[in-house]
Structures are given as structure tokens and as C-alpha cells.
Amino acid sequence: MPYSPSLAAGLATAVGLIWLSVFSTQSPAQTADVATSSQTKAPGLQCNGERILDPFQGKLAGPDLPAGLLPIDDKVRDSILGSGLPCQENVTPVGQEDVGLDNLQRGFDFYSWRTFIALNSPADRTSIEHAQAEMRTRWEDMDNFKQLLDVMLLAKLQPPKWPSDRAAMETERKRLVPKECVDLHNKMPNRMIVKMIEESFNEPFKTGPLIDQQGHYAIFDILMNREMFEYIMAHRLNTKAGQMSAANSGLLVDFPPGQNTGATLGAFMLKVSWKSLTSEEKAAKNFHMVDALVLMPPPDDPKAARPCLEETLGLVGFHAVHKTVGRPQWIWTSFEHVKNVPDKDEVAANKFDGPYNFFSVSCKDDCPARNATPPRPWDPDPTLKLRFRKDDSFKSQIVRETPLTDAAKNMNKIFQSMLQNSVWKNYMLISTQWPSAAACTSLHSQRTDSPAPRTDFLKQPDMTCSPAPTFLANSTLETYSQADSEGDVPLASSSCIACHGNAVGFQTGPSTPKTGEIHLNQSDFTFMLEKAQ
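Residues numbered from 1 in each chain as written. Predicted model: local features only at pLDDT ≥ 70, side-chain atom pairs only at ≥ 80, totals over all residues. Heavy atoms only, no water.

> How would you summarise the overall build of the chain if you had to cite specific residues and measurements?
Along its length, the chain carries 14 helices and nine strands. Counting over 533 residues, the chain shows a buried share of 54%. When contacts within the chain are restricted to residue pairs at least 6 apart in sequence, long-range pairs at least 24 apart make up 73% of them. Element-wise, carbon and sulfur atoms account for 54% of the exposed surface of the chain, whose accessible area totals about 22900 Å². (Helix = DSSP H or I, 4+ residues; strand = E, 2+ residues; numbered from the N terminus. Buried < 20%, exposed > 50% of the residue type's maximum accessible area, 1.4 Å probe, protein only. Contact = heavy atoms within 4.5 Å. Areas by Shrake-Rupley, 256 points an atom, 1.4 Å probe, with all protein chains shown as cover.)

In C-alpha cells, the structure reads:
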């Protein structure tokens, strides 16, 4: 069923109050500070189950911020920046905006900014308010997230481990260091390691690499939290053989959801994009940056060397995806660096705020077509390291096809004003996509043998439950899958929820299926399981 704004608004308004009444009766968790102190022995990220709504006065769904809103009061700022990671969304169709759907979107965008702040706060637990470019974040701490390629391992390296104590985590990390990077790792043990495969440089649906204005590849990485890891290991989903086993033939993959009750975080996944920084960019400190060891993709010639490179990487894109009890189709949050690309309206008006990471304002002749994929071959040449061409003859000319809404721009202004002394003022929310049909999201499986949370994967006519907004694409992570209202790209690839609703693994059907039983080879809105070996 195609997305209809009027239908979504009606469903959201009619059923949203039901959600509000349900969640408002749940017992609130302890405050973030108390929860942290009482849960210091628990591994992984903790979340705050308090029901926190945005305190900003006035309408944001308009061209201008409400008069007098900025600067944000110091106490309000400190409260928001220290509120911790939300366990789930806290939204309502009733609020300061004129339309219920706008109030809900505002609630999700506030949730997204809180999530972004909590994940990118310094790992040493100091405030993000003064975070500097090279400070390691909480999501980069090996206790909180694990890279996908450290889970979907070759048979000789199975099984992956995720111990709870720091020393054992270090031992596991060292065990998985690629042999090509061992010497450099021994010299620089604190560097992040990025193991490149095709998906590390080739965009979704194998649509091509993204090349920055210095002629270098953008690099992509995927991570999961402990809850996802534990579910994968409990069901032997980390290998093809495990997924294809008879024991998993009837399994409906159903990751645990976050919820305020009990302050449970649930499943959480990240996808990030990086660019290789120049010496000038490193000195300017306008990116969150990490010193990394980058293992080049496997070459076509198995005898050829696979270089391990010393690189300083700057964060340019950030997807945070969270499954919650209220939104089992997950909540899809997308951030970018403010200098990535112009949007199509800015290009049409010839109003630029460059220089940009993936668009040249000065290029007039022989420029690549807008959002054109690079010429083949796409695979990195080991002799060129991360350079796309020896003569740097191609640089991407990328434009954002769906401009930010006024509401998103205003929410960004508010949070960026609170981060003026932090490197994170250089990042912006693109949007938050969420399933808007609350009556649909509340359905549960009718199978008596379905384990919690009993997600209904047979929803009809639309298991995605009407995503809002209709389109969402990060200019660095779905560069060539962008779409606008003209429908240039199919919804299935230009919407996070619609796209991931097609994700599958390697499960096979039962050899003796029950009469009338429908077998779904699905993986709960994640493509991670396809990387099992």
C-alpha cells in the first residue's frame, strides 16, 4: 500500500493517543545518573527509561525559529545533553504543532538528537558540550558496539566472543587483527581497525563508490550492540550453516525491542561513513576524527598484497537504527556532516555554503552529472591505496534530492546552539523515519509458539506500517538510492524501512511444513545476516 500523508496523519492521530496512554502508565525508570551508578557492572550501553519530551516552546514546523527561543536556558541544556540514551520513543500527536503528524515527527526528531548525543558523547563520560574532534565516542568503545565483520567470521575464526571484562575484550580484539595489520597494530594498538570488503566502498545495491573532492573513496562500516550480538549467537545466526540448520527452519528472526519499562535498550545497529582527511582538514578539526588502520579489500589476485593503511578518518555519515516495543519496524535516524553536499533547492537557486565534501561549487566544465555513479572499474587499486584514480580525474558531484524540512532545520539549529563549543555542532539531522500507522505497529503474531516480542511479520497489506516520511536517504550512505516526490527511484530502495523490509538471511524452509504455514525468509529489517560465512 503506497504511503498517504492523509492516511498516516489520520492513523497517527487516532491511535497515537492510545500509545500515549499506554506508555504514560508505565513505571518510569531511574534517572540517567542513578541508572548509570546502579548498573556499572552491566556490560554495554544502558538507556534511560524516563519519559522525556522536548521542552522547546513554540512551533518548529515553519520557516523561522520562535522568537526568543535561543539561547536555550543553561539548566535545560544541561538536562538534555545529560539525559542519556532513550530506551524507546516518547511521542504524542498532541502538541505545539498544528498537525498531529508534525507533533509526532517532532517527537521522533527530538528522540534522534538525544540518541545522537548519547552515542557520540565522549567515551570517558565527560560532557559532549566540550567534545573535541579526536575524542573517542561511546559507540566507538568496544564494550558498547561490535563491528559486523568481527561477528560474521571465517570458519577458522569462529566463534566470535564479546566478554564483559575489558582485558578479555582486548584479547578478543587482538585475536581478530588481520595478519596484514599485526605489525602496525602492535605499534599503534589504540587505532580503530576497518576491514574493507565490497560493501565498505560500494553503495547499496552495488550502485558504485562515493568519491570525495580529493579523489578518495568514502568508507562504510556497520556495527551492532550487545543485544543484537547475543540474539545472533543464541540462534546460531553468525554462520551460514547455523542459519540453514533444521533448528532454524521455522525461526522468525525477531530481535529484542527497547522499552521504557525496565530500562531495556533492545537491538541497535549503526552504519557509518568516513572520508580520508587531508592535513588541512585534520588541522581544522571540523570533523569527528579517528586514527585508523584500514585493511584494503581482497584483491582479485590472491597472491597480491593486501595493504593495511595508516589513515585519519573523518565522520561524514551516521545511521542509528533502534528497534522498540512501540515501533518493531525500527526507528531510523540519519545524520550527516553539515558540509557534505548542497540540496537540490540550493543548487537551483545557485546559493551555496561550501566548500563541500562531495560537491564542487567551482566545477563548471567536464563535471560529472549530478549524482552520477563513477566510471568503472570501481574496485580499489591496492597500489593507489584509497585514491580512486591515479590522476584524481573523477570526483563525485552529489546533491541531496530531498531537502530538509523546516522543522528538521529548526531542530538542528536548537541542538547546534547547545554544541557551539563542541565538534558535534558540525553535524545535522537529516530526518527520522518511523512506522506511522500505530494500529499496524501494535499487532502481534498469533502463533502460540512465537517467542517474545512476537512481532507480526504477516501484516497486511503493508508490513512496513506506512513509513513517515516517505523517503529518507543519507547522501553518503544511500547516495545513488535517493528519490523525491517525482519517484525517480523506487520506494523499495529510497526508504529505509521499505528497503530493509526486503532483507533476508540463509534460512531454509522446514522439510515437512505444516498445512497452511507460511515460511518467511526474513531477518527483521537487517541485511546483517547476509554476511554470514
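Alright, that's what it looks like, and here's the rest.
> I'd like a rundown of the state of the cysteines, residues and numbers included.
Summed over the entire model, instances satisfying the criterion amount to four disulfides. Paired by a disulfide, C47 and C87 hold their sulfur atoms 2.0 Å apart. Residues C47 and C87 are joined by a disulfide whose S-S torsion is about 95°; by sign, that bridge is right-handed. Of this pair, C47 sits in the loop between α2 (32–38) and α3 (74–81) while C87 sits in the loop between α3 and α4 (100–120), and the two are 40 residues apart along the sequence. What makes C47 buried here is its relative accessible area of 5%. Counting its disulfide-bonded cysteines in sequence order, the chain shows a connectivity of 1-2, 3-4, 5-6, 7-8. Take C496: it sits in no disulfide, and the sulfur closest to it among the cysteines is that of C499, at 7.8 Å. (Disulfide = S-S within 2.5 Å.)

> Which residues make up the pattern of salt bridges, and what values do they have?
Once their charged atoms are close, side chains differing in charge can pair, the charge on each being opposite to the other. Considering all chains together, one arrives at 23 salt bridges under this definition. Its salt-bridge partner being D143, residue R226 comes within 2.9 Å of it at the nearest N-O pair. With R226 in helix α7 (residues 226–234) and D143 in the loop between α4 and β1 (145–147), the pair connects residues that are 83 residues apart, well separated along the chain. Of the two residues examined, R226 and D143, each falls in the buried class. Of the charged contacts, one joins K323 and D254 as a salt bridge, the two residues approaching to 2.6 Å between their closest N and O atoms. In this pair, K323 sits in the loop between β6 (308–322) and β7 (331–337) while D254 sits in the loop between α8 (240–243) and β4 (268–276), placing the two residues 69 residues apart along the sequence. Here K323 matches D254 in class, with each residue buried. Residues joined in a network through salt bridges with shared partners are D74, R77, D78 and E129. (Salt bridge = Lys/Arg side-chain N within 4 Å of Asp/Glu carboxyl O.)

> Give a detailed account of the packing of α4 against helix α11 (residues 406–418), specifying residues and quantitative values.
Put simply, α4 and α11 touch, their axes get as near as 11 Å, and they point 35° apart. In this structure, α4 meets α11 at a crossing whose hand is right-handed. On the side of α4, the interface is formed by R106, D109, F110, W113 and I117, while α11 contributes M411, N412 and F415. Taken together, the residues of the contact of α4 with α11 sort by class into five nonpolar, one polar and two charged. (Axes fitted to C-alpha atoms, helices over the stretch in contact; angles between N-to-C directions. Left-handed = near helix turned anticlockwise from the far one by under 90°. Nonpolar A, V, L, I, M, F, W, Y, C, P; charged D, E, K, R; others polar.)

> Can you lay out the environment of E401 for me, pointing to particular residues and giving the numbers?
When you line up the elements, E401 lands in the loop between α10 (344–349) and α11. By relative accessible area, which is 11% here, E401 ends up buried. Polar contacts involving the side chain of E401 include one to the side chain of N371, which spans 3.0 Å. (Polar contact = N/O pair within 3.5 Å; in protein donor to acceptor, adjacent residues only side chain to side chain.)

> Which residues make up α4, and what values do they have?
The terminal C-alpha atoms of α4 lie 30 Å apart, and with 21 residues this matches the ideal 30 Å at 1.5 Å per residue to within 8%. Counting buried positions over the 21 residues of α4 gives 20, a clear majority of the element. (Expected span 1.5 Å × (residues − 1).)

> Please give an account of the nonpolar core that cites residues and values.
Counting residues in each nonpolar core, the largest one holds 69 residues, and the members touching the most others are F56, L119 and F318. Setting aside anything within four residues of it in sequence, one finds F318 in contact with F116, L119, N120, W139, L270, K271, V272, T333, S334, F335, N474 and L477. Within the second largest apolar cluster, 32 residues are counted, among which are L148, M228, A408 and A532. (Core = buried A, V, L, I, M, F, W, Y, C linked by side-chain atoms within 4.5 Å.)

> Can you lay out the environment of K339 for me, pointing to particular residues and giving the numbers?
By the secondary structure assignment, K339 is in the loop between β7 and α10. Separated by 19 residues in sequence, K339 and F358 place their C-alpha atoms 8.5 Å apart. Every residue in contact with K339, bar those within four places of it in the chain, is listed here: D353, G354, P355, Y356 and N357. From its side chain, K339 meets the backbone oxygen of D353 in a polar contact 2.6 Å long.

> Any chance you could break down unusual backbone geometry for me, citing the residues and the numbers?
Look at the link from Q158 to P159: it is a cis peptide, with omega at 0°. Looking at where P159 falls in the secondary structure, it is placed in the loop between β1 and α5 (166–175). P355 follows G354 through a cis peptide bond whose omega is 0°. With respect to the element layout, P355 can be found in the loop between α10 and α11. With phi around 70°, R125 is a residue other than glycine that occupies positive phi space. When you line up the elements, R125 lands in the loop between α4 and β1. Residue R125 is classed as exposed on the basis of its relative accessible area of 57%.

> Please give an account of the packing of aromatic side chains that cites residues and values.
One pass over the structure, following the stated rule, counts 23 aromatic pairs. Where W113 meets F335, the ring centres are 4.9 Å apart and the plane angle is 90°; that geometry is what we call edge-to-face. Of the two residues, W113 sits in helix α4 while F335 sits in strand β7, which places them 222 residues apart along the sequence. For the residue pair W113 and F335, the accessibility class agrees, reading buried in each case. Ring geometry for F116 versus F318: centroids 5.4 Å apart, planes at 85°, classification edge-to-face. Of the two residues, F116 is situated in helix α4 and F318 in strand β6; the sequence distance between them amounts to 202 residues. (Phe/Tyr/Trp six-rings, centres within 6.5 Å; stacked < 30°, edge-to-face > 60°.)

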